[in-house]
Protein chains: 2
Amino acid sequence: MTRICFVFLLSLIFSVAAKAQNREVPAKSIPVPQTVSPEIQKLIAQPYSGTWNVFPPTAEEWKKQIGAVEAATVKGLPALREQLKVKVEPTTIDGVKAYIVTPETIAPENRNRLLVHVHGGCFASFSGESLTVEPIYMAGFGRYKIVAVDYRVPPDHPYPAALDDAMTVWKALVKTTPAKNMAIFGSSAGGNLTLAMVLRAKQEKLPLPGAIAPGTPMSDLTGAGDSFQTNAMVDNVLVAYGANCDQRAKLYTAGRDLKDPLLSPVYGDLSGFPPAILTTGTRDLLLSNTVRVHRKLRQAGVEATLQVFEGQSHAQYYRDPNAPESREAFEEIARFFDKHLGR
Amino acid sequence: MTRICFVFLLSLIFSVAAKAQNREVPAKSIPVPQTVSPEIQKLIAQPYSGTWNVFPPTAEEWKKQIGAVEAATVKGLPALREQLKVKVEPTTIDGVKAYIVTPETIAPENRNRLLVHVHGGCFASFSGESLTVEPIYMAGFGRYKIVAVDYRVPPDHPYPAALDDAMTVWKALVKTTPAKNMAIFGSSAGGNLTLAMVLRAKQEKLPLPGAIAPGTPMSDLTGAGDSFQTNAMVDNVLVAYGANCDQRAKLYTAGRDLKDPLLSPVYGDLSGFPPAILTTGTRDLLLSNTVRVHRKLRQAGVEATLQVFEGQSHAQYYRDPNAPESREAFEEIARFFDKHLGR
């Protein structure tokens, strides 16, 4: 009896101590900020993404859910291409599917330059033509030619298929274009893959790109990162850690050690990385995992810059081509590339 | 009756529509992140600052509350100076009180350079020796000589006394040191004053500094900025908009138009500004008002860089000299100054 009482008291003490350490944040009703453009206000006002807490029970059901979003995305592409005056052509590079994304006018200073894009979608989504959204923004606003990799995805092809495909394309491209004239970019899972590609290139002693732009990278798949907590239920795209996006990432990691730097690049050795520009938003669930990579790059002596957009949730900078913030984000990345890429 | 019913229905529709626009965030218990140093973990684990919701009813009571915090701060100064090997001497410059803050060794490249510091404290706090905390960090980690302005404060001296005093010092210093060899820095209200000084210098056609470092600037006193909402009750220093700090700021603004760029510099014309480095944290109540200034500077074509520290609330980067993040923040600012200041 005394012993039970003691254990009870101990657990009480520990729970109070633990509680004192935690920040107890009351429920809040957060209005749409007036400090962003009307276009971004509309994105912020949207409810949580429809599937954020819908987890299909089988691989086939996952493919169905993913496919439905991809099909809806593809429907919007002709208008996007027309508005941003961008051409998209499918191709194959050493057996890997890809798209060549070309602006109506390549900027004169970019004629001997090439960007390599690895798409987001929590490693499982946005295969095929639906992956071209972000490169269309980049080509349109930045006036670069882009090779966008249509890497294999889970559940059929878990890690390292995506990274292998991206590296196959990189190895092919460095044969014909100086690596220093090329940059790699991509957001979310694409930000992860951008960082992982550089880690792999270092491992394999391949030439590194002249610059990179990991957008709101899924840099830490272990769940560490303070904004997973602080921006939970604030971000209306990813919404919370462990939600749909992380379930898709699990199809990719498939039971591997999540601290492997090729899966969670924030744990990698970032020394010798090329200049990097990172993009995120104040409401982004991955705010922490963006700024943590930024700090790690700076600690490693890498030229790295950070842009954080007011009020934006995860990767909302390529949702509306009419938002001035979209143009701003990609023009900033384009200027950064222009500063650092060879000609 | 029908009309009343119609009005009732209308208000119901509007309230539902308004609610749909807001983000309803449930209560949360947020643990201390493991992604920061043990020193910063201790700061994050602290409860809300003791006076965040204690508003003295009279000017005299305000002075008492402010004085108590200042006195407690002064007690810690000898140990801080000793640890960071920094010397502090009071002085007067054209009638304005100031402190000369000197590291044991001024870096050779900084011998002909000088930093000007304007302190934080919501415009009303940290007068006298207590203002030297931040410059001691800067001198110790950055190895620059610093002039720290002990500007007049409200309630006795509302706006523009502080800015006038800072400008008096600036005008005196540019007579003996090339402006391009000098940088202005300061956090919170000091970040506001850093920006306001450059706006005033532009207005008065005075030479501009070679660089500035506005730390988590109170750049918008109108209450606009999304993180006032998203980081409310998450930040354990300022805690929420309208709390103690904003009440002190009201003593400074004293009924003036808060959209005046000299009070809310985010509304100013930032073109022609010198290179700027801004510092904030992911839990900072002023995260938005830091990144908004960063974006406005970039939109104006100014070289501006942003560092965002994981998990930190408002201005927690000069709370613990043993935190590696403190050293990192000031060394980064020092490097930025070194890159941009004349010699």
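Here, every reference points to the structure presented above.
With that out of the way, let us pick up the overall build of chain A. Summing up its helical and strand segments, chain A has 11 helices and 10 strands in all. For 343 residues, the compact-globule estimate of 2.2 N^0.38 gives 20 Å, and chain A sits close to it at 21 Å. With respect to the three principal axes, the spread of C-alpha positions in chain A is 80 × 45 × 45 Å. Taking all 343 residues of chain A together, the buried fraction comes to 51%. Of the contacts made within chain A by residues no fewer than 6 positions apart, 80% connect residues no fewer than 24 positions apart.

It is worth spelling out the relation of the copies chain A and chain B at this point. If you rotate chain A by 180° and push it 0.0 Å along the axis, it lands on chain B with an RMSD of 0.0 Å. Expressed as an axis order, the relation between the two copies is that of a two-fold axis. Relative to the rotation axis, the closest C-alpha in chain A is found at Ala27(A), a distance of 2.0 Å. When the interface residues of chain A are mapped onto chain B, 100% of them again lie at the interface, so the same face is used by both copies.

Residues and elements named next belong to chain B. Taking strand neighbours across the sheet as the criterion, the eight strands line up as E3-E4-E6-E5-E7-E8-E9-E10 in an open arrangement whose pairing is mixed. The open sheet has two free edges, formed respectively by strand E3 (86-93) and strand E10 (304-309), since each of these has just one partner strand. Mean inter-strand twist for the sheet, computed between neighbouring axes without regard to direction, equals 20°. Two elements, strand E5 (residues 114-118) and strand E7 (residues 182-187), share four bridges in a ladder whose sense is parallel. Its bridge partner lying in E7, Val-116 is registered against Ile-184.

All names here are of chain A. Read from one edge of the open sheet, eight strands run E3-E4-E6-E5-E7-E8-E9-E10, paired in mixed fashion. Pairing within the sheet leaves two strands with one partner each, and these edge strands are strand E3 (86-93) and strand E10 (304-309). On average, adjacent strands in this sheet sit at an angle of 20° to one another, irrespective of strand direction. Bridging between strand E5 (residues 114-118) and strand E6 (residues 146-149) involves four bridges; their strand directions are parallel. Across the sheet, residue His-117 finds its bridge partner in E6, namely Ala-148.

With that settled, the discussion passes to unusual backbone geometry. Residues and elements named next belong to chain A. Along the chain, Pro-154 connects to Pro-155 via a cis peptide bond; the corresponding omega equals 5°. Of note, Pro-155 is situated in the loop between E6 and helix H6 (161-173). Phi is positive for Phe-126, which is not a glycine, with a value near 65°. Note on placement: Phe-126 falls in the loop between E5 and helix H5 (133-142). The buried category is assigned to Phe-126, around which 25 C-beta atoms lie within 10 Å. Phi at Val-239 is positive, roughly 75°, even though this residue is not glycine. Take Val-239: it is sitting in the loop between helix H8 (227-230) and helix H9 (244-253). The exposure class assigned to Val-239 is buried, which follows from the 21 C-beta atoms found within 10 Å.

Reading the values: the criteria
- Residues numbered from 1 in each chain as written.
- Chains lettered and ligands numbered in written order.
- Predicted model: local features only at pLDDT ≥ 70, side-chain atom pairs only at ≥ 80, totals over all residues.
- Helix = DSSP H or I, 4+ residues; strand = E, 2+ residues; numbered from the N terminus.
- Rg over C-alpha atoms; globule rule 2.2 N^0.38 Å.
- Buried ≥ 20, exposed ≤ 12 C-beta atoms within 10 Å, placed from the backbone.
- Contact = placed C-beta atoms within 7 Å.
- Least-squares fit on C-alpha atoms with pLDDT ≥ 70 in both.
- Pairing = 2+ DSSP bridges.
- Axes fitted to C-alpha atoms, helices over the stretch in contact; angles between N-to-C directions.

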